[in-house]
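Listed below are the residues making up each chain.
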Amino acid sequence: MKEIQFELANETSEGESHYVLYDMAWHGDWGRDHLATALIPALKAKRKNSRNLGYLLSIVQGSSISDGELATIAARKASTKYDPVFSAVWLAYKGHVDAPADDWVFLQDNQD
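Each chain carries its own residue numbering, running from 1 in the written order of its sequence. It should be noted that, the model being predicted, local features are given only for residues of pLDDT at least 70 and side-chain atom pairs only at 80 or more, the latter also being counted only at that level, while totals for whole chains, interfaces and linings use all residues. Note: side-chain values were computed over all heavy atoms of the structure, leaving out hydrogens and water.

Draft legend 1. A look at the packing of helix α1 (residues 2-9) against helix α2 (residues 20-27). Axes here mean lines fitted to C-alpha atoms, for a helix over just the part in contact, with angles spanning 0 to 180 degrees between N-to-C directions. What counts as a helix is a DSSP run of H or I of at least four residues, what counts as a strand is a run of E of at least two, and both are numbered from the N terminus. Their axes nearest at 8 Å, the elements α1 and α2 cross at an angle of 115°. Residues Glu3, Ile4, Glu7 and Leu8 of α1 form the contact with α2, whose participating residues are Val20, Leu21 and Met24. Residue composition of the contact of α1 with α2, by class: 5 nonpolar, no polar and 2 charged. Here a residue-residue contact requires only that any non-hydrogen atoms of the pair lie within 4.5 Å. Lys, Arg, Asp and Glu make up the charged group, whereas Ala, Val, Leu, Ile, Met, Phe, Trp, Tyr, Cys and Pro make up the nonpolar group; the residues left over, Gly among them, are polar.

What follows is the structure, encoded as structure tokens:
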């Protein structure tokens, strides 16, 4: 966890993490439940890098944290001061975790 905190504390708006945060997002299914709760403060904090935000969202989405809790965080973040990149990410994520199950069934049934 300390390595992830270090990565996030030193992130810049350009580039992305290619260390523990990246690895946990792509290959860390086994540790997401353990990390997710500790990453909630980082998720609520202002991020500088949209890719790192995506990695954080991937980790918490793959955990046992409820979609309702994640939707609440996303709604709060989407309604803060407008940012052309981050507002769109949060709004899309809120739609993902807060979408009615019937919408997903409809989309799956109508794919060719």
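Draft legend 2. Geometry of helix α3 (residues 32-44). Each helix should span, by expectation, one fewer than its residue count multiplied by 1.5 Å. Taking 1.5 Å as the rise per residue, α3 with 13 residues should run 18 Å; its terminal C-alpha atoms sit 17 Å apart, in good agreement. Note on classification: 1.4 Å probe, protein chains only; a residue is buried when its accessible area is under 20% of the maximum for its type, exposed when over 50%, partly exposed between these limits. The complete set of buried residues in α3 reads Arg32, Leu35, Ala36, Leu39, Ile40, Ala42 and Leu43. Where α3 is buried, its residues meet α1, α2, α4 (50-61), α5 (67-78) and α6 (86-98).

Draft legend 3. Region of the structure containing the layout of surface pockets. A pocket, in this scheme, is an open set of points on a 1 Å grid over the protein atoms alone with protein on both sides within 12 Å along at least 5 of 7 lines, while a cavity is a set where a 1.4 Å probe fits but cannot get out; residues line either one if an atom lies within 4 Å of a point. Grid points are joined across faces, edges and corners, and a volume is the space filled by probe spheres set on the points. Of the volumes computed, that of the largest pocket is approximately 210 Å³. In terms of lining, the largest pocket is formed by Ala45, Lys46, Arg47, Leu53, Lys77, Thr80, Lys81, Tyr82, Asp83, Phe86, Ser87 and Trp90. It is α6 that contributes the most residues to the lining of the largest pocket, 3 residues altogether. In terms of residue class, the lining of the largest pocket is built from 5 nonpolar, 2 polar and 5 charged.

Draft legend 4. Spatial organisation of the packing of aromatic side chains. Stacked, tilted and edge-to-face are the three classes assigned to paired rings of Phe, Tyr and Trp, where Trp is represented by its six-membered ring and a pair needs centres within 6.5 Å; plane angles under 30 degrees give stacked, over 60 edge-to-face, the rest tilted. Under the definition given, this model contains 2 aromatic pairs. Measuring from ring centre to ring centre gives 6.4 Å for Tyr22 and Trp26, while their planes differ by 45°; the resulting arrangement is tilted. With Tyr22 and Trp26 both in helix α2, this residue pair falls 4 residues apart, about one helical turn. Looking at Trp26, the relative accessible area reads 55%, which means it is exposed. Taking the centre distance of 5.5 Å and the plane angle of 85° together, the rings of Tyr22 and Tyr55 count as edge-to-face. Of this pair, Tyr22 sits in helix α2 while Tyr55 sits in helix α4; the two residues are 33 residues apart in sequence, bridging distant segments of the chain. Given the relative accessible area of 9%, Tyr55 is considered buried. Cluster of aromatic residues (ring-pair linked, three or more members): Tyr22, Trp26 and Tyr55.

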